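Close look at the chain arrangement
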There are 2 protein chains.
Amino acid sequence: MIWFDGRVRHSPTLTLDAGDRGLTLADGIFETIAVFGRVPFRLDDHLARLEDAAQVLGFSLPRAIVERAIADLVAAMPDEHAAIRVTVTRGSGPRGLAPPAGPRPTVFATLSPWSPSMAFQPIRLATSTIRRNETSPLSRIKSLAYLDNVLAFQEAKTAGADDALVLNTAGNVASTAMANLFQLQGDELATPPVADGVRPGVTRELVLVLAAGIGLRPVERSIAPAPPAGAALIATNSLRLLCPVIAVDGKPVDQDARVAELVLGLRRMAGLGA
Amino acid sequence: MIWFDGRVRHSPTLTLDAGDRGLTLADGIFETIAVFGRVPFRLDDHLARLEDAAQVLGFSLPRAIVERAIADLVAAMPDEHAAIRVTVTRGSGPRGLAPPAGPRPTVFATLSPWSPSMAFQPIRLATSTIRRNETSPLSRIKSLAYLDNVLAFQEAKTAGADDALVLNTAGNVASTAMANLFQLQGDELATPPVADGVRPGVTRELVLVLAAGIGLRPVERSIAPAPPAGAALIATNSLRLLCPVIAVDGKPVDQDARVAELVLGLRRMAGLGA
């Protein structure tokens, strides 16, 4: 099911200008939102991320249209849970890189199934040869220029892992191909700062808050690629929520019982039961 | 004028699956081809670039369809000269990063006007804060993940320049936002190697050959960002052909009379007259 040009459609196709810059130059943004029990989870946070991302690219988010797309899809969803992806491009422009003076953004959204089995799954990571480019503002938003993540993910799959460990150009941990990363050691729950090439994901923010609530000390700081002995690693994103990392490049990673408390906190917030 | 789904169309719109990975993940490639006197210039070289780029992404180029799109547009073009952009995406896929097992690429192409006044124009560059990520295979192909170039170009325009000087993460010269770069000093015409985050552009290759023909010594080597005294800089791409750089960050760059010989060589090859 998709939303395009004012309404929900059961056909998966949309009509675009061949000069739509989202299609020709990846000139656009997106956001993935979980819908739990027919309620979009942390919707305001996701809308704020879209606003920020549009600002980085230099156009205004047509927020009312985005909100309507989400509301229309939620009203039409067949199941209790779903995943919605909203895409906003800068719209059409003439040939070349220069954006049009008065952009008219294109908005569309897709609804996909989501089941509780997608969340909280342990994952194995493989370190990618592709570094995350923290010199680019795109490292801090969800832009349509997502192909490096696709290639890093393919590399990880080829290596027999579930996702990639992506370092930045300075050699520090940035993220996985699709999730934020945290390192838990002692009472410190550390995650790389945005300046290290990190998108401030909605679940990342929640985990930083929940961590303080269970007596951990959340901190944003650069993280070296090899986890120290005794450190646990977790990955967070909006659909998988919180995934304990069980191995990096084939080497087992320590597990920490306190991760279960973070999982419990997220389950309660999401209304997914304990 | 566009070519889509088997034929030339005068309407600029195309119908796509909302899950087309070119649109959702920049999972695709493109190539820009000049048509001079109704003949695509260096077509085989451009097709080879597309083949290489598809191979980097891991899908097969539907070459016959691409060739037909170009031939159909050339047959329908209203003027002597034109610019054709061919876009090939990996086609549709399910939600998420994993590519479909049997991709069915989407092909479309657009025809735009080209006039001789677009070529051989002097340009001013401004150094971008965004580095080119030479750790990514995408730095070496024309993928749809082109948004860093858009942002670097916007930065340059804001700085009052015509294009960006883009360095790689090691701090060496990579390219402009849309062109390859060369440094001419003494008898050496140097351009950064592909490993420095450079796409081996068609015009770049021609200039390397033409340079040898006029007694210069073409070489691929890393280039430091500040041109040494007496060095000239030139930028090359398929539509602008060869552009002398007249300033970097507001500082004038030396000019070299031998650049006119390279321009003459390109004019002759392109059939644009001397």
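Computed from a prediction, not measured in an experiment: that's the story for all the values here. (Residues numbered from 1 in each chain as written. Chains lettered and ligands numbered in written order. Predicted model: local features only at pLDDT ≥ 70, side-chain atom pairs only at ≥ 80, totals over all residues. Heavy atoms only, no water.)

Tallying secondary structure elements over chain A gives six helices and 16 strands in all. Taken over C-alpha atoms, the radius of gyration comes to 19 Å for chain A, in line with the 19 Å a tight globule of 274 residues would show. Its C-alpha atoms put chain A at 55 × 40 × 35 Å along the principal axes. Across the 274 residues that make up chain A, the buried fraction comes to 57%. For chain A, the exposed area adds up to about 10,400 Å²; of that, 53% sits on carbon and sulfur atoms. Here chain A carries 27 positive and 27 negative side-chain charges, and the mean point of each set is 3 Å from the other. (Helix = DSSP H or I, 4+ residues; strand = E, 2+ residues; numbered from the N terminus. Rg over C-alpha atoms; globule rule 2.2 N^0.38 Å. Buried < 20%, exposed > 50% of the residue type's maximum accessible area, 1.4 Å probe, protein only. Areas by Shrake-Rupley, 256 points an atom, 1.4 Å probe, with all protein chains shown as cover. Lys, Arg positive; Asp, Glu negative; His and termini not counted. Charge placed at Lys NZ, Arg CZ, Asp CG, Glu CD.)

A separate point is helix α6 (residues 258-270) of chain A. Residues and elements named next belong to chain A. Compared with the 18 Å implied by 1.5 Å per residue over 13 residues, the 19 Å span of α6 between its first and last C-alpha is a close match. The inward-facing, buried residues of α6 abut β4 (28-36), β11 (180-185), β12 (188-191), α5 (202-213), β14 (232-237) and β15 (241-248). Downstream of α6 by a residue or two, G271 has a phi angle that is positive, lying close to 70°. (Expected span 1.5 Å × (residues − 1). Contact = heavy atoms within 4.5 Å.)

For the coordinates displayed, the defined rule picks out six aromatic pairs over all chains. The ring of B:F30 carries B:R85 above its face, with NZ or CZ at 3.8 Å from the centroid. (Phe/Tyr/Trp six-rings, centres within 6.5 Å; stacked < 30°, edge-to-face > 60°. Lys NZ or Arg CZ within 6 Å of the ring centre and 35° of its normal.)

A few words on the relation of the copies chain B and chain A. Once turned by 180° and shifted 0.0 Å along the axis, chain B lies on chain A with an RMSD of 0.0 Å. On the angle and the small slide along the axis, the relation comes out as a two-fold axis. Looking at chain B, 100% of its interface residues are interface residues in chain A too, so the copies touch through the same face. (Least-squares fit on C-alpha atoms with pLDDT ≥ 70 in both.)

It is worth spelling out the interface of chain B and chain A at this point. Facing 53 residues of chain B, the contacting portion of chain A comprises 53 residues. Taken together, the two surfaces of chain B and chain A that pack against each other cover about 4,200 Å², and 67% of this comes from carbon and sulfur. Summed over the shared surface of chain B and chain A, the result is zero salt bridges. Connecting chain B to chain A are 16 residue pairs in polar contact (both at pLDDT 80 or more). If you list the elements that add at least two residues to the side of chain B that touches chain A, you get β3 (13-17), α1 (21-25), β4 (28-36), α2 (43-57), β6 (82-89), β7 (106-113) and α4 (147-158) of chain B. Per-element tally for the side of chain B that touches chain A: the top contributor is α4(B), with seven residues. Its residues assigned to classes, the side of chain B that touches chain A comprises 29 nonpolar, 16 polar and eight charged. Pairing between strand β3 (residues 13-17) of chain A and β3(B): five bridges, direction antiparallel. (Buried area = accessible area lost by both parts, 1.4 Å probe. Salt bridge = Lys/Arg side-chain N within 4 Å of Asp/Glu carboxyl O. Polar contact = N/O pair within 3.5 Å; in protein donor to acceptor, adjacent residues only side chain to side chain. Nonpolar A, V, L, I, M, F, W, Y, C, P; charged D, E, K, R; others polar. Pairing = 2+ DSSP bridges.)

All right, on to helix α6 (residues 259-270) of chain B then. Residues and elements named next belong to chain B. Taking 1.5 Å as the rise per residue, α6 with 12 residues should run 16 Å; its terminal C-alpha atoms sit 17 Å apart, in good agreement. Contacts from the buried residues of α6 go to β4, β11 (180-185), β12 (188-191), α5 (202-213), β14 (232-237) and β15 (241-248). After α6 finishes, the residue G271 shows a positive phi value of roughly 70°.

Residues and elements named next belong to chain B. Here L266 is to be found in helix α6. The spacing of L266 and T106 is 160 residues in sequence and 33 Å in space, taken between C-alpha atoms. With near-sequence residues (within four places) excluded, L266 lies in contact with F120, T203, L206, V207, L210, L241 and L242.

All names here are of chain B. Considering the arrangement of structural elements, one finds S128 in the loop between β8 (123-127) and α4. Accessibility expressed as a relative area gives 5% for S128, which makes it buried. Looking at S128, its side chain comes within polar contact range of the main-chain nitrogen of I130, at 2.9 Å. With sequence-adjacent residues up to four places away left out, S128 is seen in contact with A152, E155, A164, L165 and V166.

Attention now moves to the sheet that holds strand β5 (residues 39-40) of chain A. Remark on secondary structure: sheet strands pair via backbone hydrogen bonds, oriented parallel or antiparallel. Residues and elements named next belong to chain A. Strand order in the open sheet formed by six strands is β2-β1-β7-β6-β4-β5, with antiparallel pairing between adjacent strands. On the outer flanks of this sheet lie β2 (7-9) and β5, each paired with one strand and no other. Inspection of the sheet shows β4 paired to strand β6 (residues 82-89) by eight bridges, in the antiparallel sense. For I33, the partnering residue across the bridge sits in β6 and is I84. In the packing of helix α2 (residues 43-57) onto the sheet, contacts are made with β4, β5 and β6, and the angle to β4 comes to roughly 175°. (Axes fitted to C-alpha atoms, helices over the stretch in contact; angles between N-to-C directions.)

As a further point, take the packing of α2(A) against helix α3 (residues 63-76) of chain A. All names here are of chain A. At their nearest, the axes of α2 and α3 sit 11 Å apart, and the two run at 140° to each other. By the angle class used here, α2 and α3 are oblique. Every pair of crossing elements has a handedness; the one defined by α2 and α3 is right-handed. Touching L43, D44, L47, L50 and E51 of α2 are R63, V66, E67 and I70, all from α3. (Parallel < 35°, antiparallel > 145°, perpendicular 65-115°, else oblique. Left-handed = near helix turned anticlockwise from the far one by under 90°.)

A few words now on unusual backbone geometry. You will see that A:D249, though not glycine, has its phi angle at about 50°, which is positive. Tracing the chain through its elements places A:D249 in the loop between β15 and β16 (251-252). Residue A:D249 is classed as partly exposed on the basis of its relative accessible area, which comes to 43%. Not every positive phi belongs to a glycine, and B:A26 is a case in point at roughly 60°. Inspection of the secondary structure assignment puts B:A26 in the loop between α1 and β4.

This next bit is on the packing of α5(B) against α6(B). Residues and elements named next belong to chain B. For the pair α5 and α6, the least separation of the axes is 10 Å and the interaxial angle reads 120°. As for how α5 packs across α6, the hand of that crossing is right-handed. Residue-level contacts link T203, L206, V207, L210 and A211 of α5 to L262, G265, L266 and M269 of α6. Split by residue class, the contact of α5 with α6 holds seven nonpolar, two polar and no charged.

Next up on the list: the confidence of the model for chain A. For chain A, the average pLDDT comes to 97, and 100% of its residues sit at 70 or higher. In the model output, the complex is listed with pTM 0.97 alongside ipTM 0.96. (pLDDT = per-residue confidence, 0-100.)

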